[in-house]
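Each chain, written out:
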Amino acid sequence: MKVLLHIAWAVIVVMCAGACSKKESPNSVKAQTQAMEAAIRLAQIDPTDTMSLQNELLKAEAMRSAFALDSDSVAMEQFDETFRETLLAKSPQMAKTLFAKTQ
């Protein structure tokens, strides 16, 4: 459980690192789509299945890091925003747990 919390915090810190902006990027739609799909998959996992939660969080971070490798900070920010908003809509309790310190 500690490992999951550490990974969750790492994901949260990385996702909240960028400032909010409404700029566009060639990867904007891709980032938003991937973030939405990742958040939906995460919300569908049984909250007691910590290994699956950890795996899905790592997959989401891997998707986000692809934009970092391209130095596309706009797409990274859009991924972050969309992931958070989708998770809040699909699983408010999980979002509250993951983003408790950032709200």
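Keep in mind that what you see is a predicted model, and the values were worked out from it rather than measured. (Residues numbered from 1 in each chain as written. Predicted model: local features only at pLDDT ≥ 70, side-chain atom pairs only at ≥ 80, totals over all residues. Heavy atoms only, no water.)

Overview of the overall build of the chain
Going by this rule: The helix and strand labels rest on DSSP assignments: H or I over at least four residues marks a helix, E over at least two residues marks a strand, and numbering proceeds from the N terminus. Burial classification: accessible surface area is computed with a 1.4 Å probe over protein chains only, and a residue below 20% of its type maximum counts as buried, one above 50% as exposed, and the rest as partly exposed. Residue contacts follow a heavy-atom distance rule, with two residues in contact if any of their heavy atoms lie within 4.5 Å. Each accessible area value is a Shrake-Rupley result obtained with a 1.4 Å probe; residue values ignore everything except the protein chains displayed when judging cover.
Each helix and strand in the chain was counted, giving five helices and zero strands. Helices and strands in the chain line up, N terminus first, as α-α-α-α-α. Counting over 103 residues, the chain shows a buried share of 39%. When contacts within the chain are restricted to residue pairs at least 6 apart in sequence, long-range pairs at least 24 apart make up 70% of them. Of the roughly 6,100 Å² of accessible surface on the chain, a fraction of 60% belongs to carbon and sulfur atoms.

Comments concerning the environment of N27
With respect to the helices and strands, the residue N27 is situated in the loop between α1 (2–16) and α2 (28–43). For the pair N27 and M76, spaced 49 residues apart in the sequence, the C-alpha separation amounts to 9.2 Å. Beyond its immediate chain neighbours, meaning those up to four positions away, N27 contacts F67, D70, D72 and A75.

Concerning helix α4 (residues 73–90)
Within an α-helix, residues lying three or four positions from one another point in the same direction, as the helix has 3.6 residues per turn. Where we set the bar: Multiplying one less than the number of residues by 1.5 Å gives the expected span of a helix.
With 18 residues, α4 extends 26 Å between its outermost C-alpha atoms, agreeing within 8% with the 26 Å of an ideal straight helix rising 1.5 Å per residue. Inspection of α4 places V74, A75, M76, E77, Q78, F79, D80, E81, T82, F83, T86 and L87 among the buried residues, and these make up the whole buried set.

Details of the confidence of the model for the chain
Going by this rule: Every residue gets a pLDDT, meaning the predictor's confidence in that residue, from 0 to 100.
On average, residues of the chain carry a pLDDT of 84, and 77% of them reach 70 or more. Across residues 16–21 the pLDDT falls below 50, and counting only partners more than four positions away or on other chains, this stretch makes nine contacts in the model.

Concerning helix α3 (residues 50–69)
Which entries qualify depends on this criterion: Directions pointing from the helix axis toward each C-beta atom define the arc.
With 20 residues, α3 extends 28 Å from end C-alpha to end C-alpha; this agrees with the ideal 28 Å at 1.5 Å per step. Those residues of α3 lying buried are L53, Q54, E56, L57, A60, E61, R64 and F67. Down the axis of α3, the buried set is contained in an arc of 165 degrees. They therefore lie on one face. For α3, exposure combined with an orientation more than 90 degrees from the buried face picks out M51 and L69.

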